[in-house]
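Observations on chain architecture
The chain contents come next:
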Amino acid sequence: MGRDELLRRQASQTSEIFRGDASVEVGGGSRNAQRLYLRGLESSNLNVTVDGARQGRDLHQHRGGATNLDPELLQSVELDPHPSADQGPGALGGGVRFRTVDAQDLLGPDEDTGFRLSTGYATADSSERGSATGFQRLGRDWGALAHISGTNRDDYEVGGGGTMPFSGGRDRSYMAQASRVPADGHELRLGVQRHSYKDDSLYGGPGSDTGDPRAGYRGDPESQEQKRDTWTVEHRYQPEDPHIHWQARAYRNDNRLERLDEGTETRAVEHGGDLRNTFTLHAGPTRHRLTTGFDYYSEDARLQQEESPDLSQSSRNFGAFLQNRLDWERLHISTGLRFDDYVTNLGGQELDGDAVSPNLSAELALPAGWSVFGGYGEAVSGAGGTIPIGWLQRIDADATQLEGIDSLRAEKSRRGEGGLRYQSRDLVTAGDRARLEVTAFETRIENSLTRADGGPPHPYIEGLEEYDVQVRGYELRVNWGAGSYDTRLSFLSAETEDEDGNPLGVIRRQSGSGGDRLAWDHQWSPHETLILGYTLTWVGNHTDVPDDQPERDGYQTHDVQAQWRPWADERLTLGLVVNNLLDEEYAEHTSLAFEEDGDLIVREEPGRDLRVKATMQF
């Protein structure tokens with residue numbers, strides 16, 4: 001997903017980035033309840049990075065992870081659910097990679113200096129947004145960028161009328177970056193980012209991330225602020241020598257959640273990086289791209305309380321990987337191994353060990369543009385499950401409830417997939433482009449940890465339980481375009497089950513599936529100054545749920561987008577977006593819900609949302 005699509009959608013938070021992709025769902029409604037799912041697996045089971053910086057564990061409930069960033073800063077978003085050894089640590093279900101812009105992305109070929117001002121308004125939450133970005137070319141190779149933005153949101157209106165309490169807040173984003181474009185084979189990026197989100201919301205219990213606060217909640221709203229500070233450095237070196245394609249990255253990620261009224265802070269500081277080189281080799285009729293490298297992270301977390309002792313936990317992982325991608329005529333084979341050595345302190349208990357994870361995939365090109373592919377891969381996570389830091393630190397070291405084993409075990413995933421691809425030109429009309437892909441997949445996660453009691457009693461969680469979860473389904477993707485028109489259709493059908501085949505529905509920070517999901521996106525540029533777009537999202541009923549979870553009704557939404565540059569020099573861009581055009585009343589199927597007196601209690605998504613935006617660049 002590129003920057004042009006992000007700007008067309010006027011995304012202002014993570015939940016809006018993926019509205020055109022059926023394989024990604026962000027449920028929850030308001031910010032403090034949002035979770036990202038890729039092919040049915042929640043982001044706690046993915047390797048999520050921003051400019052190579054791993055985002056680490058949730059701080060409380062779901063706070064942290066992939067929901068605290070500014071989409072306006074993004075250059076691209078890459079979704080990678082396919083198994084490979086070089087995805088990074090903890091990639092049980094794949095990876096999500098966010099990459100921010102640099103000065104060279106915004107400067108034209110003949111420009112040395114630029115400045116961009118942007119302002120916008122959205123009706124669903126009466127939000128006001130403004131940003132300023134300056135960028136400068138420094139000499140022949142270097143560039144510098146500075147950015148600041150802010151958004152103030154009220155509580156949003158749901159479809160059909162009514163307001164969702166405790167859903168408003170304030171976003172602030174800052175970024176400074178220096179980048180060197182490839183020169184003499186060297187490329188360098190250095191950056192620092194801060195994103196903060198402040199709101200008055202519920203901290204826990206019904207009405208916070210589960211259910212609907214309009215139907216009742218426990219406790220009172222309190223002032224909270226989440227901050228993410230990320231420092232990154234990346235160096236790439238690719239001379240003419242085919243044996244060298246070097247990449248080295250290092251980062252520091254500081255993620256914290258403050259309860260301003262209570263005087264407590266949950267904070268996780270992570271240092272890490274990776275080092276890799278890709279060798280391009282030719283052996284007879286075969287071509288090899290062999291990637292070898294190492295990665296490492298060290299995360300230290302602490303819950304600081306004014307009137308109670310501080311609680312802490314730590315996690316370390318060292319990984320070594322090798323992935324060879326071989327091309328031989330019509331056959332492409334990718335095979336690799338990954339070694340992980342991990343140690344995690346879980347509030348008085350320790351999880352440590354090592355594991356080797358193999359993978360193998362292949363694709364065979366067939367006549368007439370068709371190809372067949374399949375693959376299998378494993379991955380491990382020694383971070384101690386998906387329990388947030390604020391709860392993990394309260395585990396009683398003497399109250400483990402893990403039947404049949406003597407010690408904690410790392411989570412392990414086994415992923416398999418297979419399918420068909422088709423690619424062609426001139427399929428329907430001269431010069432058109434077409435691509436089709438259908439994939440059947442299954443992911444099984446073993447040794448996943450959860451709280452044994454189902455809730456966090458104080459002062460300790462009574463224990464832990466292990467369970468297995470599997471997600472299986474299929475995915476369809478169709479792309480077609482001709483001239484200035486492109487359309488993209490994606491469809492996902494997935495089910496989450498336990499090891500006996502019983503439905504699991506939605507599990508906090510683990511997995512979640514709903515009804516069949518289809519997204520159909522269109523983009524057309526009738527003139528070089530005008531871009532028009534339309535996105536249909538259709539979700540079917542979800543009835544295959546466990547006894548303790550409610551069934552969900554299907555829904556459909558319609559979004560329209562328009563961008564217009566009234567001046568030929570492209571200095572001014574005007575944008576109009578209407579999300580949920582027909583004001584559909586609905587809730588995402590991965591939003592946590594329960595039944596009460598036969599009624600579904602779930603947090604609904606925003607209703608009709610008209611957005612306008614003006615951007616001036618000079």
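Residues numbered from 1 in each chain as written. Predicted model: local features only at pLDDT ≥ 70, side-chain atom pairs only at ≥ 80, totals over all residues. Heavy atoms only, no water.

Here we take up the layout of surface pockets. One number sums up the size of the largest pocket: a volume of about 950 Å³. Taken together, 35 residues line the largest pocket, and the ones lying closest to its centre are Leu 79, Pro 81, His 82, Arg 421 and Glu 437. Among the secondary structure elements, those contributing two or more residues to the lining of the largest pocket are β6 (74–80), β17 (311–328), β18 (331–346), β19 (349–365), β20 (370–381), β21 (411–425), β22 (433–451) and β23 (464–482). Ranked by the residues each element gives to the lining of the largest pocket, the list is headed by β6, at 4 residues. A class-by-class count of the residues in the lining of the largest pocket yields 10 nonpolar, 10 polar and 15 charged. (1 Å grid on protein atoms, 1.4 Å probe; cavity = no way out; pocket = protein on both sides within 12 Å on 5 of 7 lines; lining within 4 Å. Points joined across faces, edges and corners; volume = space filled by probe spheres on them. Helix = DSSP H or I, 4+ residues; strand = E, 2+ residues; numbered from the N terminus. Nonpolar A, V, L, I, M, F, W, Y, C, P; charged D, E, K, R; others polar.)

What follows is about the pattern of salt bridges. For side chains of opposite charge, pairing can occur when their charged atoms come near one another. Evaluation of the coordinates by the stated rule reveals 59 salt bridges. Of the charged contacts in the structure, one is a salt bridge between Arg 97 and Glu 78, with a shortest N-O distance of 3.0 Å. Placement of the pair is Arg 97 in strand β7 (residues 95–100) and Glu 78 in strand β6, with a sequence separation of 19 residues. As a salt-bridge pair, Arg 99 and Glu 234 come within 3.4 Å of each other at their nearest N and O atoms. Residue Arg 99 is found in strand β7, and its partner Glu 234 is found in strand β13 (residues 222–237); the two are separated by 135 residues along the sequence. On the basis of relative accessible area, Arg 99 is assigned to the partly exposed category, the value being 25%. Connected via shared salt-bridge partners are Arg 194, Asp 229, Arg 252, Asp 254, Arg 256 and Arg 267. (Salt bridge = Lys/Arg side-chain N within 4 Å of Asp/Glu carboxyl O. Buried < 20%, exposed > 50% of the residue type's maximum accessible area, 1.4 Å probe, protein only.)

Let us look at the confidence of the model for the protein chain. Overall, the prediction assigns the protein chain a mean pLDDT of 90, with 93% of residues at 70 or greater. Within the model, pLDDT remains below 50 along residues 454–460, and this stretch shows 9 contacts once partners closer than five positions in the same chain are excluded. (pLDDT = per-residue confidence, 0-100. Contact = heavy atoms within 4.5 Å.)

To continue, consider the nonpolar core. Formed by 17 residues in total, the largest nonpolar core has its most connected members in Ile 17, Phe 18, Leu 36, Leu 74, Val 77, Val 96 and Phe 98. Secondary-structure elements contributing two or more residues to this core are β1 (24–27), β2 (35–38), β4 (47–50), β6 and β7. Beyond its immediate chain neighbours, meaning those up to four positions away, Ile 17 contacts Met 1, Leu 6, Arg 9, Ala 11, Leu 69, Pro 71, Leu 74, Val 77 and Phe 98. Grouped together as the second largest cluster of nonpolar side chains are 14 residues, Ala 379, Val 469, Val 471 and Leu 504 included. (Core = buried A, V, L, I, M, F, W, Y, C linked by side-chain atoms within 4.5 Å.)

Judged by pairing direction, the sheet is mixed, and its 4 strands sit side by side in the order β5-β4-β7-β6 without closing on themselves. Here the strands that pair on one side only, and so sit at the sheet edges, are β5 (53–54) and β6. In this structure, β4 lies alongside β5, joined through 2 bridges in antiparallel fashion. Bridge pairing links Thr 49 to Arg 54 in β5. (Pairing = 2+ DSSP bridges.)

A few words now on empty space enclosed by the protein. Applying the stated rule across the entire model yields 13 cavities of 30 Å³ or more. One number sums up the size of the largest cavity: a volume of about 490 Å³. In terms of lining, the largest cavity is formed by 36 residues, of which the most central are Ser 15, Glu 16, Arg 19, Glu 605 and Pro 606. The set of elements that each furnish at least two residues to the lining of the largest cavity consists of β1, β27 (517–527), β29 (555–564) and β33 (609–617). In this structure, the second largest cavity encloses a volume near 320 Å³.

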